[in-house]
Amino acid sequence: MPSAMDPSGPIYAIVTLKSPSEVQGGISPVFYVKSQEEQERMAMWISRIVSVAVHDMQDGTWLLIPI
Amino acid sequence: MSSGSSPPIHWIPIGLGILAGVLARILALRSDYRHYPGYPAGYVSHVTLGFLSAVIGAVFFPALAGKEYTAATFLVLAATNFTSVRKIEVSKLTAIDKFTLVQRGAGYIQGIAQTFEERNYLAMGVAVATSVAAQLADMYFGHTWAFVAGGIAGILALIVALVLKSGKRLGTEVEAKIEKLHFEKESLLYVGEVMLMEVGLPKARERWLKEGVGVVITPTTRRGAGAIWSLSQRQAIAQTVASLVGTRGDFGYPERTPLCRMDLPQGHGQAGLGIIPVAHDPQRILDAVRQTPLLESAKFAAVHDPALEQWEQEHHIDQGR
């Protein structure tokens, strides 16, 4: 389990409503979704499975970050 | 005391010293909400260590009086030994900490380990004081007075040790108050004016609003004002609260981790705590905040603190700045 006091660690995954031309993965995978519901489901499942926190960038892109 | 033969052994000072030293260690040993040391294994090892330190302390002065200088140097050995006790405690607690939901944090762990080391020294000190008094009384006034002097010195040393053993609690340095949790800009979790974190999942936001409890911590003393700026101190607060009321989270639910953060946008010097407790008992949460140990490592130089100054103004306190 990653430590809460250790801020290191890359972005685990990106879940976005945007198109591949707008958001691209560098070191982390990108999940392109079509609706808000799909985004919530996708982000929540990944979060529960690998214990990463979901952060809303408030532009349709969510970052999944290990804490 | 001719060379070649051993000098007579002074059992009264040694016995009284050991008794008082062990008593000092046992009286300081309590496993409460901190769940540490564990019972019975932790108790056995710490009482044993306390006994050893009491023995070393108790024989120190009789050995000197008997011109057994080599025996007296064993005190040095003891110090090294207790330092290693601290290191063992640190590594043990750090290892446990890696697999707990709400971690104690490095500062708290160092504090606990240091306390264990210190209590062995206290046991040793009590034993030394007792045996010195008993030995001197024995040499000048006889056996009966040795018991009396040793007993009085032992009780006095025990009182001093018990005063020294207990550190301060946060309750004397801060004021804790329940405040409503709310979200700003859709996803930023606030308690009062303190921003805690960004919660991305809408379901998690609902959970925080429905079951979360928020506490705002305002310093009432300069020590408190400095202490809550320490990350270790705030982690200790979160850990203490979580260990007393539980935290409704698990692996896979990182957004439910209880957090204690400073009020940064305003910089008022207040801290905020957010937790989703198992036992929804606000009074107990406040008590938990107040009885969090004030960490020795959480010390800062005197700071100009708006929150503290406002509190002092409201309560007409002049702390002589």
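Residues numbered from 1 in each chain as written. Chains lettered and ligands numbered in written order. Predicted model: local features only at pLDDT ≥ 70, side-chain atom pairs only at ≥ 80, totals over all residues.

Considering the overall build of chain B
Regarding its fold elements, chain B presents 11 helices and 7 strands. In summary, chain B has a C-alpha radius of gyration of 25 Å against a globular reference of 20 Å for 321 residues, an excess of more than 25%. Counting only C-alpha atoms and orienting by the principal axes, one finds that chain B spans roughly 85 × 50 × 30 Å. When burial is assessed residue by residue, chain B has 44% of its 321 residues classed as buried. In chain B, the proportion of contacts linking residues at least 24 apart, taken out of those at least 6 apart, comes to 76%. (Helix = DSSP H or I, 4+ residues; strand = E, 2+ residues; numbered from the N terminus. Rg over C-alpha atoms; globule rule 2.2 N^0.38 Å. Buried ≥ 20, exposed ≤ 12 C-beta atoms within 10 Å, placed from the backbone. Contact = placed C-beta atoms within 7 Å.)

What to know about the interface of chain A and chain B
Contact residues are listed per partner, giving 19 residues for chain A and 16 residues for chain B. Counting only elements with at least two residues in the side of chain A that touches chain B, the list comes to helix H1 (36-50) and strand E3 (52-56) of chain A. No other element matches the 6 residues that H1 of chain A contributes to the side of chain A that touches chain B. Each residue belonging to the side of chain A that touches chain B can be placed in one class, and the counts come to 11 nonpolar, 5 polar and 3 charged. (Nonpolar A, V, L, I, M, F, W, Y, C, P; charged D, E, K, R; others polar.)

Thoughts on the nonpolar core
The biggest cluster of nonpolar side chains holds 55 residues, and the ones touching the most others in it are Leu64 of chain A together with Val215, Ile217, Val241, Leu273, Ile285 and Val289 of chain B. When residues in this core are grouped by element, the largest group, 6 residues, is from helix H9 (residues 231-245) of chain B. The residues that make up this core include at least three from each of domain 1 (11-166) and domain 2 (171-314) of chain B. If sequence neighbours within four positions are ignored, Leu273 of chain B has contacts with Val191, Gly214, Val215, Ile217, Ile237, Ala238, Val241, Pro258, Cys260 and Val289 of chain B. (Core = buried A, V, L, I, M, F, W, Y, C linked by C-beta atoms within 7 Å. Domains from an automatic or database assignment.)

A short note on helix H6 (residues 143-165) of chain B
Residues and elements named next belong to chain B. The first and last C-alpha atoms of H6 sit 32 Å apart over 23 residues, in line with the 33 Å expected at 1.5 Å per residue. For H6, the set of buried residues is Ala146, Ala149, Gly150, Ala153, Gly154, Ala157, Leu158 and Ala161. As for H6, its buried residues are in contact with helix H1 (11-27) and helix H5 (106-141). (Expected span 1.5 Å × (residues − 1).)

Looking at the environment of Leu77 of chain B
Secondary-structure assignment places Leu77 of chain B in helix H4 (residues 74-97). A tally of 10 C-beta atoms within 10 Å means that Leu77 of chain B is categorised as exposed.

Section: the packing of H1 of chain B against H6 of chain B
Residue and element names in this part refer to chain B. Packing of H1 against H6 brings their axes to within 10 Å, and their N-to-C directions diverge by 20 degrees. The pairing of H1 with H6 is recorded here as roughly parallel in orientation. Every pair of crossing elements has a handedness; the one defined by H1 and H6 is right-handed. In contact with Ile12, Pro13, Leu16, Ala20, Leu23, Ala24 and Leu27 of H1, H6 contributes His143, Ala146, Phe147, Gly150, Gly154, Ala157, Leu158, Ala161 and Leu162. Residue composition of the contact of H1 with H6, by class: 13 nonpolar, 3 polar and no charged. (Axes fitted to C-alpha atoms, helices over the stretch in contact; angles between N-to-C directions. Parallel < 35°, antiparallel > 145°, perpendicular 65-115°, else oblique. Left-handed = near helix turned anticlockwise from the far one by under 90°.)

Quick look at the sheet that holds strand E3 (residues 188-191) of chain B
Residue and element names in this part refer to chain B. Taken in spatial order, the 3 strands make up an open sheet running E2-E3-E4, and their pairing is antiparallel. Strands at the two margins of the open sheet, each flanked by one partner only, are strand E2 (181-184) and strand E4 (194-198). Taking each pair of neighbouring strands and ignoring which way they run, the sheet shows an average axis angle of 35 degrees. (Pairing = 2+ DSSP bridges.)

Re the pairing of E3 of chain B
Both faces of the sheet carry side chains from a regular strand, because those side chains alternate between them. All names here are of chain B. Bridge count between E2 and E3: 4 bridges; the pairing is antiparallel. Bridge assignment links His182 to a residue of E3, and that residue is Tyr190. Following E2, the chain reverses through 3 residues before pairing antiparallel with E3; Lys185 in that reversal takes a positive phi of roughly 50 degrees. The pairing of E3 with E4 spans 4 bridges and is classified as antiparallel. Within E4, the position partnered with Tyr190 by the bridge is Met195. Taking the residues between adjacent antiparallel strands as the criterion, E3 and E4 are bridged by 2 residues, where Gly192 takes a positive phi near 60 degrees.

Focus: the domain arrangement of chain B
Residues and elements named next belong to chain B. When the domains of chain B are assigned, the result is domain 1 (11-166) and domain 2 (171-314). Measuring from the centre of the C-alpha atoms in domain 1 to the corresponding centre in domain 2 gives 36 Å. Counting residues at the interface gives 12 residues for domain 1 and 19 residues for domain 2. Looking at the side of domain 1 that touches domain 2 residue by residue, the class counts come to 5 nonpolar, 6 polar and 1 charged.

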